[in-house]
Amino acid sequence: MSREIEYRHAIREALDEELERDENVVIMGEEVARYNGAYKVTQGLWEKWGDKRVVDTPISEAGFIGMGIGASMLGVRPVMELMFWSFHSVAFDQLVNNAACVRYMSGGLINVPIVMRGPANGGTNVGATHSHIPEGLFAAFPGLKVCAPATPADAKGLMKAAIRDNDPVYVMENTLLYGNKGEVPDPADGDFVIPLGKADIKREGSDVSIIAHGRSVIHALAAAEKLKQEHGINAEVLDLRSIRPLDQEAILKTVMKTNRVVLVDESKGFGGVSAMVSHLIQEHAFDYLDAPIKRVTTLDAPAIYSPHVENEQLPNPRRIVEKVLSLG
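What comes next concerns the included structure. (Residues numbered from 1 in each chain as written. Predicted model: local features only at pLDDT ≥ 70, side-chain atom pairs only at ≥ 80, totals over all residues. Heavy atoms only, no water.)

1. Here's the deal with the pattern of salt bridges
- Here the structure, examined in full by the defined rule, presents 26 salt bridges.
- Linking Glu81 and Arg117 is a salt bridge whose minimum nitrogen-to-oxygen distance equals 2.6 Å. Of the two residues, Glu81 sits in strand β4 (residues 77-81) while Arg117 sits in strand β5 (residues 115-119), which places them 36 residues apart along the sequence. Judged on exposure class, the residue Glu81 and its partner Arg117 are both buried.
- It is possible to trace a salt-bridge network through shared partners that takes in Arg3, Glu13, Glu17, Glu18, Arg21, Lys156, Lys160, Arg164 and Asp191. (Salt bridge = Lys/Arg side-chain N within 4 Å of Asp/Glu carboxyl O. Helix = DSSP H or I, 4+ residues; strand = E, 2+ residues; numbered from the N terminus. Buried < 20%, exposed > 50% of the residue type's maximum accessible area, 1.4 Å probe, protein only.)

2. Focus: a nonpolar patch on the surface
- Taken together, the side chains of Met73, Leu74, Leu109 and Ile110 make up a nonpolar region of the molecular surface, amounting to roughly 440 Å² of accessible area.
- By the secondary structure assignment, Leu109 is in the loop between α5 (102-105) and β5. (Patch = residues over 30% accessible without salt bridge, like charges linked within 9 Å, V, L, I, M, F, W, Y side chains within 5 Å. Areas by Shrake-Rupley, 256 points an atom, 1.4 Å probe, with all protein chains shown as cover.)

3. Observations concerning the nonpolar core
- Core analysis: the biggest nonpolar cluster contains 42 residues, and Trp85, Leu95, Met116, Phe138, Tyr170, Ile211 and Ile281 have the highest contact counts within it.
- Every element with two or more residues in this core is listed here: β2 (25-29), α3 (61-73), α4 (92-98), α6 (135-139), β7 (169-173), α9 (248-258), β13 (261-268) and α10 (273-284).
- Examining the composition of this core, we find that 4 residues originate from one element, α9, more than from any other.
- Beyond its immediate chain neighbours, meaning those up to four positions away, Leu95 contacts Ile65, Ile69, Trp85, His88, Ala100, Met116, Phe138, Leu144 and Tyr170.
- Counting 32 residues, the second-largest nonpolar core is a separate cluster that includes Val54, Phe84, Met159 and Leu177. (Core = buried A, V, L, I, M, F, W, Y, C linked by side-chain atoms within 4.5 Å. Contact = heavy atoms within 4.5 Å.)

4. Overview of empty space enclosed by the protein
- What the rule picks out here adds up to 3 cavities of 30 Å³ or more.
- Here the largest cavity defines a volume of roughly 100 Å³.
- Lining the largest cavity are 15 residues, and of these Ala120, Glu135, Asn174, Gly214 and Arg215 lie nearest its centre.
- Every element with two or more residues in the lining of the largest cavity is listed here: β7 and α8 (215-231).
- Here the residues of the lining of the largest cavity sort into 7 nonpolar, 4 polar and 4 charged. (1 Å grid on protein atoms, 1.4 Å probe; cavity = no way out; pocket = protein on both sides within 12 Å on 5 of 7 lines; lining within 4 Å. Points joined across faces, edges and corners; volume = space filled by probe spheres on them. Nonpolar A, V, L, I, M, F, W, Y, C, P; charged D, E, K, R; others polar.)

5. Notes on the sheet that holds strand β14 (residues 294-298)
- Taken in spatial order, the 5 strands make up an open sheet running β9-β11-β10-β13-β14, and their pairing is mixed. Edge positions in the sheet fall to β9 (200-203) and β14, since each of these pairs with one other strand and no more. Here the average twist between neighbouring strands, direction ignored, is 25 degrees.
- Relative to β14, β13 runs parallel, the two being bridged by 5 bridges. Opposite Val264, over in β14, you have Val296 as the bridge partner.
- Against the sheet, α9 contacts β10 (208-212), β11 (235-239) and β13, and its axis sits at roughly 155 degrees relative to β10.
- Where α10 meets the sheet, its contacts fall on β10, β13 and β14, and the angle it forms with β13 comes to roughly 150 degrees. (Pairing = 2+ DSSP bridges. Axes fitted to C-alpha atoms, helices over the stretch in contact; angles between N-to-C directions.)

Right, dumping it as structure tokens:
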């Protein structure tokens, strides 16, 4: 059985279930406790679990993320909320130089089972300093795992997997998805966990593969419907879900099936996630391609404040349709 719930509710449900399952799980971040989280993801959890399990922190990412990493090295499983992933830069040493390297440098003796989660997106017209999309940046560092759920079910299943993982997992959410509703399995039906590193076909197709992650999946699905209705093109939509580990098998399988591919990525085009996916395809499936690989990325400029212009800066269904049609 499943029921329709919001994306933010699905994350909250995952957090609640993991707090119940494992006494070492704690939630920390700015306003996550008494004020229910800036985006109400943690609403009600402080009242239920108390001060020791849901902890408000000072407005100091470098401080509380460093504290969380240290706690995780001693066996705690912290889930840290960043109000914006854009604030990662003030804690870069902790996020990359420490969290990513400790297990390797200790010869596997010290794990860092920490989750960093929060919004990583543009499109909310809050300016360049609050609109970074850094999944490609963090995926570039060995030792870190990165995922970007597009649906409520994926948000719940991936969050539970992230909390149970013994490595640092950075979950990139999107504020524009928090209110989206979707079918999520009922907790009464058992544990619902989606393994990291497993992509998902969100729409079967035969003519072209549209590969995306995060909110771009929603745009890809809308573009696929438009392509079918207006142009008779049957597009397959593959949701990466996990950026690192990356499901190379699923990527190559869909390309070998349709022989054409458009990659959709809210990162900037230079060095983005889709650049890595493009490389994998040309190296391992070049002979299956009937047309060049095409990409739809965020236009290469800091996030634009104007709502109408920022909507065009980011991937959108119209831009995806145009890119598919350009394949010929």
